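Descriptive analysis of the structure
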Amino acid sequence: MLLNIFNNNFKKIKNHNKSHFPNQTDNKEKKIILVEFNNFTANHIGLSYLSNILKKKYDSKIIAYFGHILLTYDLERNFYTRVKIKIGKLLNLNFFGVYKSFGVSDFFYPQTSNKIIFLKEKVYKKFQKQVKTLKDLELFKISGVQVGDLLYDTYLKKNYHLIPTIELDDKKFIEFAKNFITLFLIWEDFFKKNYVKAVIGSHSVYSLAIPLRIALKKKKDAYVLSPQYLRKLNKNMIYQSGETRYFKKIFKKIDYVNKKILIKDAKKRIKTRLEGKYSTDYPYVTKSPFGSLGKKIFLKNKKKIKVLIATHDFFDGAHACGIHLFPDYYHWFKFLCEMSKKTDYEWYVKTHPLYGKEWGRYVKYERYVVKNILKDFKDIKLLPSSITHNQIIEEKIDAVFTVHGTIAHEFALHNILTINSSLNNPHINYDFTLHPKSQAMLKEIILNIKKYKSKLNIDKKEIIEFYSLKNIFFSKNWFLENYSKTIKDLGYHGLEGGKIEFYNYWIKNFDINKHKKLNEDIINFVNSKNLYLLNNNGLGKF
């Protein structure tokens, strides 16, 4: 924090905010708008607008809360953290100053009490009785609020381990579960004692989502905000990509002219991706999985069926899209490895490519875990991380397994059988990829790949329709006029990675007409029944 005190970008954004959100703080109001306190600089722009609009609507004050408890911060603050927060608040340093400049009146760090400690032991006894399996853990509730999936993902994210799953009787997990229960009870108590009208968070996963889920239970407004989207949560839409369940209905409502525009643009964008060029449709993929063919052949056996397992980041929000056929990516991968012994197929594994230094730690760990598991499965071949999709396709892969990855539609485009392991995958509305409803159904598909391949009848129009809705109808331009241009100017991590330089970029490209339009767009969205703020050139609403 101290290293950034003299960073001029902080001074600029604070002055900018004070000019456009004047007379903001009001500690007398009892009603509260809760906003997540973080260092996601691009989020702060949308946050400043939305929080002030909600403040005016509900005649309330804005309080920022530390959301990364149990992820970045411990539940019990150490001396250094206490001092850092106290000095930051007192002197309006860095992000404390930024938040105060757009109207935040106070900062809340969850703290325990004797009452909370007593209740925690009571809830943990209930936890012990109810949670006998990982499936039980996923569905565990406190006071009617489902939080087991959040506990699961927070623990995995916080505890990188060679075996990335949970042992329910592990002492470390038991202690973590108690802390998570404590955190939930602190938040529940906060909502009981305070008149919260709305919560604005950055993620609907991990411990970050606890106040969002409690808000929903209490029928308060719950928003999730990032540079790519502004969305409302409701009881049917608590997970990421929930909108994809309605894609066919959405497309049906679009008029003929706009459908043609969507399809034409989607075809162009798909072509760009298949050529191995960077695409902001999936901006986090900073190195294309497509590209040129290597000289060495890896899928050599032409007689046997060849199948590919496309792995996931074992620690990154396993339940971000919802509950799957397996409790985590580790159990899914181990299941497929065990099934390989019951087939006469050639089995291959593809991990994510090395995207660059920002993602390096995660990609390397994914591969590290895979290598460790494959020590017990010598017949399964681990492909180089640099091998491209194009080469795997060219070497005649027969089927691909994923939980919910983009590879399902990418390989389906090439008439290759793809099999998901989740009914909450983003392609769920379409038949170009298989959606087994249980582990037993998945097993049946694995044992009969040849049969399912012979029945394959992929309608590529459906893939293009899906792509058009996912990446064009659900536009990323909700507060940035041109998300793609911003990525081009700053790079993915320059926009999404919390770089302080984004403040200066925003101010340089600011004009009063954009300011007025953004205000108007958010006001209309807040007062509507829409779940997404979509600036998609009039294609439709959701």
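All values reported here derive from a predicted model rather than from experimental measurement.

Cut-offs and rules
- Residues numbered from 1 in each chain as written.
- Predicted model: local features only at pLDDT ≥ 70, side-chain atom pairs only at ≥ 80, totals over all residues.
- Heavy atoms only, no water.
- Axes fitted to C-alpha atoms, helices over the stretch in contact; angles between N-to-C directions.
- Helix = DSSP H or I, 4+ residues; strand = E, 2+ residues; numbered from the N terminus.
- Parallel < 35°, antiparallel > 145°, perpendicular 65-115°, else oblique.
- Left-handed = near helix turned anticlockwise from the far one by under 90°.
- Contact = heavy atoms within 4.5 Å.
- Nonpolar A, V, L, I, M, F, W, Y, C, P; charged D, E, K, R; others polar.
- Buried < 20%, exposed > 50% of the residue type's maximum accessible area, 1.4 Å probe, protein only.
- Pairing = 2+ DSSP bridges.
- Right-handed = clockwise from strand over helix to strand, strands pointing away.
- Salt bridge = Lys/Arg side-chain N within 4 Å of Asp/Glu carboxyl O.
- Polar contact = N/O pair within 3.5 Å; in protein donor to acceptor, adjacent residues only side chain to side chain.
- Expected span 1.5 Å × (residues − 1).
- Phe/Tyr/Trp six-rings, centres within 6.5 Å; stacked < 30°, edge-to-face > 60°.
- Lys NZ or Arg CZ within 6 Å of the ring centre and 35° of its normal.

A pair of packed helices is characterised by two quantities: the angle between their axes and the separation of those axes. In the contact formed by helix α1 (residues 8-20) and helix α4 (residues 94-101), the axes pass within 8 Å of each other and the chain directions differ by 15°. Considered as vectors, α1 and α4 are oriented roughly parallel to each other. Crossing of α1 against α4: the hand is left-handed. From α1, F10, I13, K14, N17 and K18 reach across to α4, where they touch N94, F95, G97, V98 and S101. Of the residues assigned to the contact of α1 with α4, the class counts are four nonpolar, four polar and two charged.

The next thing to look at is the pairing of strand β7 (residues 221-225). Of all five residues in β7, four are buried; the element is thus mostly enclosed. Bridging between strand β6 (residues 195-201) and β7 involves four bridges; their strand directions are parallel. Residue A198 lies in a different strand from β7, and its bridge partner there is D221. In this fold, the crossover linking β6 to β7 by way of helix α9 (residues 210-217) has right-handed handedness. Bridge analysis of β7 against strand β8 (residues 230-232) gives three bridges, and the strand direction is antiparallel. From the neighbouring strand, L225 faces β8, where its bridge partner is L230. Hairpin remark: β7 followed by β8, antiparallel, with four residues in the connecting loop.

What follows deals with unusual backbone geometry. Most peptide bonds take the trans configuration, and most residues that are not glycine carry a negative phi. Within the chain, L70 stands out as a residue other than glycine whose phi angle is a positive 75°. Looking at where L70 falls in the secondary structure, it is placed in the loop between β2 (61-66) and α3 (79-91). Taking the relative accessible area as the measure of exposure, L70 reaches 6% and is therefore buried. Despite not being glycine, N415 has its phi angle at roughly 60°, a positive value. Looking at where N415 falls in the secondary structure, it is placed in the loop between α15 (407-412) and β13 (417-419).

A few words now on the pairing of strand β3 (residues 104-108). Counting buried positions along β3 gives four out of five residues, so the element sits mostly inside the fold. Strand direction decides the pairing type here: β2 and β3, joined by four bridges, are parallel. For I62, the partnering residue across the bridge sits in β3 and is V104.

If you trace the five strands from one edge of the open sheet to the other, you get β11-β10-β9-β12-β13, paired in parallel fashion. Edge positions in the sheet fall to β11 (381-382) and β13, since each has one partner strand and no second.

Once the charged atoms of two side chains with opposite charge are near each other, the side chains can pair. Enumeration over the complete set of coordinates arrives at 22 salt bridges. The salt bridge partner of D281 is R269, with a shortest N-O separation of 2.6 Å. Highlighted residues: D281 in the loop between α11 (256-274) and β9 (306-310) and R269 in helix α11, separated in sequence by twelve residues. Among the residues examined, D281 registers a relative accessible area of 6% and is labelled buried. You can call R269 partly exposed: its relative accessible area is 26%. A salt bridge links R273 to E410, with the shortest nitrogen-to-oxygen separation between them at 2.8 Å. In this pair, R273 is assigned in helix α11 and E410 in helix α15, connecting sequence segments 137 residues apart. Just as R273 is buried, E410 falls in that class too.

With respect to the helices and strands, S421 occurs in the loop between β13 and α16 (439-447). Taking the relative accessible area as the measure of exposure, S421 reaches 1% and is therefore buried. Considered as a pair, S421 and W332 are 89 residues apart in the sequence and their alpha carbons are 7.9 Å apart. Discounting residues that sit within four places of it in the chain, S421 has contacts with H324, L325, F326, W332, T402, V403 and L442. Among the polar contacts listed, one links the side chain of S421 to the side chain of W332, at a separation of 3.1 Å.

Take helix α12 (residues 329-340) next. If you check α12, its first and last C-alpha atoms are 17 Å apart, about what twelve residues at 1.5 Å a residue would give, namely 16 Å. Where burial is concerned, most of α12 is hidden: nine out of the twelve residues are buried. Looking only at α12, the buried set comprises Y329, Y330, W332, F333, F335, L336, C337, M339 and S340. Between a side-chain oxygen at the N-terminus of α12 and the backbone nitrogen of Y330 the separation is 3.2 Å; the capping residue is D328.

What follows concerns the packing of aromatic side chains. Following the criterion strictly, the structure yields 51 aromatic pairs and no others. Arranged with centres 5.1 Å apart and planes meeting at 80°, the rings of F10 and F95 form a pair that is edge-to-face. With F10 in helix α1 and F95 in helix α4, this residue pair connects regions lying 85 residues apart in the sequence. The pair F10 / F95 is uniform in exposure class, with both members buried. Where Y124 meets F127, the ring centres are 5.6 Å apart and the plane angle is 25°; that geometry is what we call stacked. In this pair, Y124 and F127 are both assigned in helix α5 (residues 114-130), three residues apart and thus about one turn of the helix distant. By the burial criterion, Y124 is buried, and F127 matches it. Positioned above the aromatic ring of Y109 is the side chain of R77, whose terminal nitrogen or guanidinium carbon lies 4.6 Å from the ring centre.

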